[in-house]
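Below, each chain spelled out in residue letters.
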Amino acid sequence: MSLLPNAITAIQQTIKNHEAEITELDKAIGDGDHVINLQRGLAALAAINEELSKLSWPMALQKVGMTLMSTMGGASGSLFGTLFVKMAKASSAEMNLATFSDAFSAGVESVQQRGKAELGEKTMLDTLIPVANSLQLSANSKLSMTEALQAVKQVAIAGMESTKELQATKGRASFLGERAIGHIDPGARTSQLMICAIADLLLTKQ
Ligand code: ADP
Ligand code: MG
């Protein structure tokens, strides 16, 4: 399975390209370390790319989640880790739009429980929840993979942008009160960049 290693490489590239921007976002409403945390986790994943490529989907997703949890640090480390560990539990060996959508939704629900956050609290969930909903809708409406991926990209970007005008009620940014308004949430931005990188990778294969 080459999809996962290719996705990790594509994600590392897009995060590298936006490194300075993400640092600025987390400096504005957090402590500035989000991109460092994420890059540490991605480097740990890249180091086990070979191993990941030999595993089944559930085993590979479990390994990704555990690796992120143990290497990333920050609030985002345990949340992204949780996303993949729960996806692993909810996924089957066969991956198609319907099974992936169910696994992703389960993963996002687990992030919500762990972070005790909902839509509209200016976090990564403002990207993740609309993407989970869009995947479910596409799977239920039997859209083609290309249509589903294009829809995912659109809602990920809209969700990320929606965080700009929100006041944060969870995470470090919540300490700023109204002063967080006007800044995009760093975790919403990195979630969107990663999702769009995977969607682009899959779109080139359609
Ligand atoms: P830390 O805030 O511990 O420094 P990071 O900087 O790596 O961790 O990650 C910050 C990001 O984590 C935020 O931009 C936000 O998207 C996400 N986040 C923080 N708290 C929560 C929460 N309770 N629920 C969901 N996401 C959260
Ligand atoms: Mg931080």
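Every value quoted in this text rests on a predicted model; they were computed, and no experiment measured them.

Broken down by element type, the protein carries 10 helices and 0 strands. A compact globule built from 206 residues would reach a C-alpha radius of gyration of about 17 Å, and the protein, at 16 Å, matches this within 12%. By the burial criterion, 48% of the 206 residues in the protein qualify as buried. Split by element, the accessible area of the protein, about 9,600 Å² in all, is 56% carbon and sulfur. Seen as two clouds, the 18 positive and the 20 negative side-chain charges of the protein have centres 5 Å apart.

Bringing unusual backbone geometry into the picture now. Phi at Lys116 is positive, roughly 50 degrees, even though this residue is not glycine. Note that Lys116 resides in the loop between α7 (97-115) and α8 (125-140).

A few words now on the coordination of the magnesium ion (ligand 2). All of the protein donors around the magnesium ion (ligand 2) are Asp26 (OD), Asp31 (OD) and Asp33 (OD); their distances to the metal are 2.1 to 2.6 Å. Exposure remark for Asp31: the relative accessible area of 39% places this residue in the partly exposed category.

Residues in contact with ligand 1 amount to 19 residues; listed here are only the nearest, Ala75, Ser76, Gly115, Met124 and Asp185. Elements represented by at least two residues in the shell around ligand 1 include exactly α3 (34-47), α6 (74-90) and α10 (186-203). For the shell around ligand 1, the leading source of residues is α6, giving 4 residues. Its residues placed into classes, the shell around ligand 1 shows 5 nonpolar, 8 polar and 6 charged.

With that settled, consider the pattern of salt bridges. Pairing between side chains becomes possible if they bear opposite charge and their charged atoms approach one another. Taken as a whole and judged by the stated rule, the model has 7 salt bridges. The partner of Arg189 in a salt bridge is Glu21, with the nearest N and O atoms 2.6 Å apart. Of this pair, Arg189 sits in helix α10 while Glu21 is found in helix α2 (residues 19-29), placing the two residues 168 residues apart along the sequence. Here Arg189 falls in the buried class, since its relative accessible area comes to 12%.

A few words now on the nonpolar core. Counting 42 residues, the largest nonpolar core has Ile15, Leu38, Leu45, Phe80, Phe104, Val108 and Val131 as its most contacted members. For this core, the secondary structure elements donating two or more residues are α1 (3-17), α3, α5 (57-71), α6, α7, α8, α9 (145-162) and α10. The element that contributes the greatest number of residues to this core is α8, accounting for 7 residues. Residues within four places of Val131 in sequence aside, it is in contact with Phe104, Val152, Val155, Ala156 and Ile195.

The rules behind the values
- Residues numbered from 1 in each chain as written.
- Chains lettered and ligands numbered in written order.
- Predicted model: local features only at pLDDT ≥ 70, side-chain atom pairs only at ≥ 80, totals over all residues.
- Heavy atoms only, no water.
- Helix = DSSP H or I, 4+ residues; strand = E, 2+ residues; numbered from the N terminus.
- Rg over C-alpha atoms; globule rule 2.2 N^0.38 Å.
- Buried < 20%, exposed > 50% of the residue type's maximum accessible area, 1.4 Å probe, protein only.
- Areas by Shrake-Rupley, 256 points an atom, 1.4 Å probe, with all protein chains shown as cover.
- Lys, Arg positive; Asp, Glu negative; His and termini not counted.
- Charge placed at Lys NZ, Arg CZ, Asp CG, Glu CD.
- Donors = N, O, S within 2.8 Å, 3.2 Å for Na, K, Ca; no water.
- Near = heavy atom within 4 Å.
- Nonpolar A, V, L, I, M, F, W, Y, C, P; charged D, E, K, R; others polar.
- Salt bridge = Lys/Arg side-chain N within 4 Å of Asp/Glu carboxyl O.
- Core = buried A, V, L, I, M, F, W, Y, C linked by side-chain atoms within 4.5 Å.
- Contact = heavy atoms within 4.5 Å.

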